[in-house]
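Architecture at a glance
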Amino acid sequence: MARRKKIYEGKAKIMYEGPEPGTLVQYFKDDATAFNAEKKATIEGKGVLNNRLSEFFMSGLTQVGIPNHFIKRLNMREQLIRSVEIIPLEVIVRNFAAGSISKRLGMAEGTPLPRPIVEFCYKDDALGDPLVSEEHIIAFGWANQQDLDDMIALALRVNDFMSGVMLAVGIKLVDFKIEIGRIWENDFHRLIVADEISPDSCRLWDIETGRKLDKDVFRRDLGSLADAYTEVARRLGVLPSNVTHAPKPTLIN
Ligand code: TMP
Ligand code: ASP
């Protein structure tokens, strides 16, 4: 591999300096973590699947005019992306209750929500990415009111697109998380979807059987995560031909 500068290493991805200013190379690792990295495993093939799936979703967003960081896939594990200034918020959209909202509000998982609900969490692993309100976001300067309005609009457009794509292959989009970044042009900036869109950051349930096809399989020990992601990729027609994966995740911690 050519020597190049590592910019940042996260739990599931590594960013390298890109070939041109304003670009980065995003490398998808096989590592999976949950509960703020309390639970860790290496799941062979996950990085390859997520690279393909994120390419598929981001290219789809581009086709419907939703701005995002994706430029092109470079190889099995890497894609070229635009470098952005990440807003330190996780933007979550929920269509059905599950996960933390079910716990917080005592709602059975799978309960349809009256409308898509947008939530924000402050990106800080040490604090466990706490839920924050629009008041906090503005007061602490993580984003201004215009950014907030734009983030909500972007998130809801992504939700419409993703819900439709998943419905077409018999999968319910229960919820998902995106990250959003700023692109600066002189003194002005605009917001684009960044990070990744993959089964790591969505809840995806088979419509017929309710089978979970997302990272909850790992979080809750429900079977093979690679099999679940492979099923999503297969239905979307983006299965890479030579993915190999271990039948069982290997615990490394
Ligand atoms: P939650 O129910 O745990 O708040 O998660 C909501 C959605 O956001 C779910 O699809 C998983 C995703 N998510 C992430 O991608 N990263 C995270 O750190 C968390 C907490 C959730
Ligand atoms: N918060 C992420 C998740 O559970 C990963 C982690 O916390 O380690 O989706």
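None of these values were measured; they are calculated from a predicted model.

1. Brief notes about the overall build of the protein chain
- From N to C terminus, the protein chain includes 6 helices and 15 strands.
- Taking 2.2 N^0.38 as the reference for a compact globule, 253 residues should give roughly 18 Å; the C-alpha atoms of the protein chain span a radius of gyration of 18 Å, in line with that estimate.
- A principal-axis box enclosing the C-alpha atoms of the protein chain has dimensions of 50 × 50 × 35 Å.
- Scored against the burial criterion, the 253 residues of the protein chain give a buried share of 49%.
- Put simply, the protein chain shows about 12400 Å² of open surface, and 53% of that area lies on carbon and sulfur atoms.

2. Section: the site of ligand 1
- By nearness alone, 15 residues border ligand 1, and Arg94, Ser100, Asp175, Lys177 and Arg203 come closest of all.
- Here an oxygen atom of ligand 1 and a side-chain polar atom of serine 100 are 2.5 Å apart.
- Coverage of ligand 1 by the protein amounts to 79% of the 450 Å² it exposes when considered alone.
- For the shell around ligand 1, the secondary structure elements donating two or more residues are strand 9 (89-96), helix 2 (99-105), strand 12 (171-185) and strand 14 (202-206).
- Classifying every residue of the shell around ligand 1 by side-chain character gives 4 nonpolar, 3 polar and 8 charged.

3. A word on the site of ligand 2
- Taken together, Lys11, Thr33, Ala34, Phe35, Asn36, Ala37, Lys215 and Arg219 make up the full set of residues near ligand 2.
- One of the side-chain nitrogen or oxygen atoms of lysine 11 is found 3.4 Å away from an oxygen atom of ligand 2.
- A distance of 2.7 Å separates an oxygen atom of ligand 2 from a polar atom in the backbone of alanine 37.
- When the free accessible area of ligand 2 is taken as 260 Å², the share hidden by the protein chains comes to 77%.

4. Here's the deal with unusual backbone geometry
- You will see that asparagine 186, though not glycine, has its phi angle at about 55°, which is positive.
- Looking at where asparagine 186 falls in the secondary structure, it is placed in the loop between strand 12 and strand 13 (188-194).
- Residue classification places asparagine 186 among the exposed positions, given a relative accessible area of 77%.
- Here the phi dihedral of aspartate 221 falls at roughly 55°; this positive angle occurs in a residue that is not glycine.
- Its place among the elements puts aspartate 221 in the loop between helix 5 (216-219) and helix 6 (225-236).

5. Focus on the side chain of aspartate 129
- Mapped onto the secondary structure, aspartate 129 falls in the loop between strand 10 (112-122) and strand 11 (131-132).
- Of the side chains bearing the opposite charge, lysine 11 lies closest to the buried aspartate 129, which forms no salt bridge; the N-O distance is 5.3 Å.
- Ignoring any residue separated from it by four or fewer positions in sequence, one finds aspartate 129 in contact with Glu90, Cys121, Tyr122, Lys123 and Asp124.

6. Details of helix 4 (residues 145-167)
- Helix length check: helix 4, at 23 residues, gives a terminal C-alpha distance of 33 Å against a target of 33 Å (1.5 Å per residue), a fit within 8%.
- Looking at where helix 4 begins, the residue whose side-chain oxygen comes 3.1 Å from the main-chain nitrogen of glutamine 146 is asparagine 144.

7. Some words on the side chain of glutamine 26
- Here glutamine 26 lies in strand 3 (residues 23-28).
- A residue is classified by how much of its surface remains accessible, and glutamine 26, at 0% relative accessible area, is buried.
- At a separation of 3.1 Å, a polar atom in the side chain of glutamine 26 contacts the main-chain carbonyl oxygen of aspartate 195.
- Those residues in contact with glutamine 26 that lie beyond four places of it in its chain are Lys13, Ile14, Met15, His69, Arg77, Glu78, Gln79, Ile81 and Asp195.

8. Observations concerning the sheet that holds strand 3
- Taken in spatial order, the 5 strands make up an open sheet running 1-2-3-7-6, and their pairing is antiparallel. Both outer strands of the open sheet, strand 1 (6-9) and strand 6 (70-73), are each paired with one neighbouring strand and no more. The sheet shows a mean angle of 25° between the axes of neighbouring strands, direction not considered.
- The sheet contact formed by strand 3 and strand 7 (residues 78-82) spans 5 bridges and is antiparallel. Bridging across to strand 7, tyrosine 27 finds its partner in glutamate 78.
- In the packing of helix 1 (residues 46-63) onto the sheet, contacts are made with strand 3, strand 6 and strand 7, and the angle to strand 6 comes to roughly 135°.

9. Here's the deal with the packing of aromatic side chains
- This model, assessed by the stated rule, comprises 3 aromatic pairs.
- Taking 4.0 Å as the distance between ring centres and 15° as the angle between the ring planes, the aromatic pair formed by tyrosine 122 and tryptophan 142 counts as stacked. Taken together, the residues tyrosine 122 in strand 10 and tryptophan 142 in the loop between helix 3 (134-139) and helix 4 connect sequence positions 20 residues apart.
- Between the aromatic rings of phenylalanine 140 and tryptophan 142, the centroid separation amounts to 5.3 Å while the plane-to-plane angle is 45°, which identifies the pairing as tilted.
- You can call phenylalanine 140 exposed: its relative accessible area is 54%.
- Looking at tryptophan 142, the relative accessible area reads 16%, which means it is buried.

Cut-offs applied
- Chains are numbered independently. Their residues run from 1 in the order of the written sequence.
- Numbering of ligands from 1 and lettering of chains from A proceed in the order in which they are written.
- Since the coordinates come from a predicted model, pLDDT governs what is reported: local features require at least 70, and pairs of side-chain atoms require 80 or more to be given and counted, while whole-chain, interface and lining totals use all residues.
- In computing side-chain properties, one takes all heavy atoms of the structure into account and sets aside hydrogens as well as water.
- Only runs of H or I of at least four residues qualify as helices and only runs of E of at least two qualify as strands under DSSP, and these elements are numbered from the N terminus.
- Radius of gyration here is computed from C-alpha atoms only, and the compact-globule reference equals 2.2 Å multiplied by the residue count raised to the power 0.38.
- Exposed residues in this analysis have more than 50% of their type's maximum accessible area, buried residues have under 20%, and partly exposed residues fall in between, with area computed by a 1.4 Å probe over protein chains only.
- Only the protein chains shown count as cover for residues, with accessible areas throughout obtained via the Shrake-Rupley method and a probe of 1.4 Å.
- A single heavy atom is enough: if one lies within 4 Å of a molecule or strand, its residue is considered near that molecule or strand.
- Polar contact is defined as a pair of N or O atoms within 3.5 Å, subject to the rule that within protein one atom must be able to donate a hydrogen and the other to accept it, and that residues adjacent in sequence are counted only when both atoms are side-chain atoms.
- In the scheme used here, Gly and all other residues not listed as nonpolar or charged are polar, with Ala, Val, Leu, Ile, Met, Phe, Trp, Tyr, Cys and Pro taken as nonpolar and Asp, Glu, Lys and Arg as charged.
- Under the convention used here, Asp and Glu are negative, Lys and Arg are positive, and both His and the chain ends fall outside the count.
- Take a side-chain nitrogen of Lys or Arg and a carboxyl oxygen of Asp or Glu: if they are within 4 Å of each other, that pair is a salt bridge.
- Residue contacts are defined here by distance: any two heavy atoms, one from each residue, within 4.5 Å place the two residues in contact.
- Here the expected span of a helix is defined as 1.5 Å times the quantity of residues minus one.
- Being paired, for any two strands, means DSSP has found at least two bridges between them.
- Orientation is described by axes fitted as lines to C-alpha atoms, over the contacting stretch for helices, and by angles from 0 to 180 degrees between their N-to-C directions.
- A pair of Phe, Tyr and Trp rings is counted when the ring centres sit within 6.5 Å of each other, with Trp represented by its six-membered ring. The angle between the planes then sorts it: under 30 degrees is stacked, over 60 is edge-to-face, the rest tilted.

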